[in-house]
Amino acid sequence: MSYQIEYTVKARLSLRELQANDRATVLDAIGKRLLHQAEEEVTNRKRLRPNKLGVQWELRVGNLRVFYNVEGKTVNILLIVEKRGNELYMGKEKIEL
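Here the structure is a predicted model, which means the values were calculated and not measured. (Residues numbered from 1 in each chain as written. Predicted model: local features only at pLDDT ≥ 70, side-chain atom pairs only at ≥ 80, totals over all residues. Heavy atoms only, no water.)

Engineer: Would you mind going over the overall build of the protein with me for this structure?
Structural biologist: Looking only at helices and strands, one finds two helices and seven strands in the protein. Going from N to C terminus, the protein has its helices and strands arranged as β-α-α-β-β-β-β-β-β. On C-alpha atoms alone, the protein measures out to a radius of gyration of 12 Å, which is about the 13 Å that the 2.2 N^0.38 rule sets for 97 residues. Principal-axis analysis of the C-alpha atoms places the extent of the protein at approximately 35 × 30 × 25 Å. For the protein, the computed accessible surface area is about 6000 Å², with 46% contributed by carbon and sulfur atoms. Taken as two groups, the 18 positive and 13 negative side-chain charges of the protein have centres that lie 2 Å from each other. (Helix = DSSP H or I, 4+ residues; strand = E, 2+ residues; numbered from the N terminus. Rg over C-alpha atoms; globule rule 2.2 N^0.38 Å. Areas by Shrake-Rupley, 256 points an atom, 1.4 Å probe, with all protein chains shown as cover. Lys, Arg positive; Asp, Glu negative; His and termini not counted. Charge placed at Lys NZ, Arg CZ, Asp CG, Glu CD.)

Right, here's the structure in full:
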């Protein structure tokens, strides 16, 4: 099954804040890992417990995290953040799940 990838406004802003090489790495990972198997748990992709942001899935790409939901055949990229230690940041803003 092939999915359609859509980005929220916040996800697009997250991408803009990344360095060019990180942005390219994340976009490549999204294309390779979410286009055909977005709902399959593997080493770098897992379903999340219920959280206040309503995020269902996490894709790990190095120290970056892509949070997304799947609705039918659409993958909605909600947020792309950097993990620093045990904390998540979008630019300078700390994100709480």
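Read on, since the account is not over.
Engineer: Just checking my understanding: could you explain the packing of aromatic side chains for this structure?
Structural biologist: When we look at a pair of aromatic rings, we describe it by the centre distance and by the angle of the planes. Within the structure shown, the criterion is met by one aromatic pair. Taking the centre distance of 6.1 Å and the plane angle of 15° together, the rings of Trp57 and Tyr68 count as stacked. Of this pair, Trp57 sits in strand β3 (residues 57-61) while Tyr68 sits in strand β4 (residues 64-71), placing them 11 residues apart in sequence. In this arrangement the basic side chain of Arg84 is found over the ring face of Tyr89, its NZ or CZ atom lying 4.4 Å from the centre. (Phe/Tyr/Trp six-rings, centres within 6.5 Å; stacked < 30°, edge-to-face > 60°. Lys NZ or Arg CZ within 6 Å of the ring centre and 35° of its normal.)

Engineer: Could you clarify how one ought to interpret the layout of surface pockets in this entry?
Structural biologist: In this approach a probe as big as a water molecule rolls over the atoms, and the regions it shows empty are the leftover space. Considering only enclosed or pocket space, the largest pocket measures out at about 320 Å³ in volume. If you go around the largest pocket, you meet 14 residues; those closest to its centre are Lys46, Leu48, Arg49, Glu58 and Leu97. The set of elements that each furnish at least two residues to the lining of the largest pocket consists of β2 (45-47), β3 and β4. Of the residues in the lining of the largest pocket, the class split is five nonpolar, two polar and seven charged. (1 Å grid on protein atoms, 1.4 Å probe; cavity = no way out; pocket = protein on both sides within 12 Å on 5 of 7 lines; lining within 4 Å. Points joined across faces, edges and corners; volume = space filled by probe spheres on them. Nonpolar A, V, L, I, M, F, W, Y, C, P; charged D, E, K, R; others polar.)

Engineer: It is not clear to me how the pattern of salt bridges should be interpreted in this structure. Could you clarify?
Structural biologist: Oppositely charged side chains can pair when the atoms bearing their charge come close. Here the structure, examined in full by the defined rule, presents six salt bridges. Close ionic contact of Glu96 with Lys94 constitutes a salt bridge, the shortest N to O distance being 3.6 Å. Linked by salt bridges that have partners in common, Lys46, Glu58 and Arg65 make up one network. (Salt bridge = Lys/Arg side-chain N within 4 Å of Asp/Glu carboxyl O.)

Engineer: Can you walk me through helix α1 (residues 9-17) in this structure?
Structural biologist: Each α-helix winds once per 3.6 residues, and so residues spaced three or four apart point in a common direction. For α1, the complete set of buried residues consists of Ala11, Ser14 and Leu15. The buried residues of α1 occupy an angular sector of 100° when projected down its axis, which confines them to one face. Every exposed residue of α1 that faces more than 90 degrees away from the buried side is listed here: Val9 and Arg16. Of the surrounding elements, those touching the buried residues of α1 are β1 (4-7), α2 (20-33), β5 (74-84) and β6 (87-90). (Buried < 20%, exposed > 50% of the residue type's maximum accessible area, 1.4 Å probe, protein only. Arc of directions from axis to C-beta. Contact = heavy atoms within 4.5 Å.)

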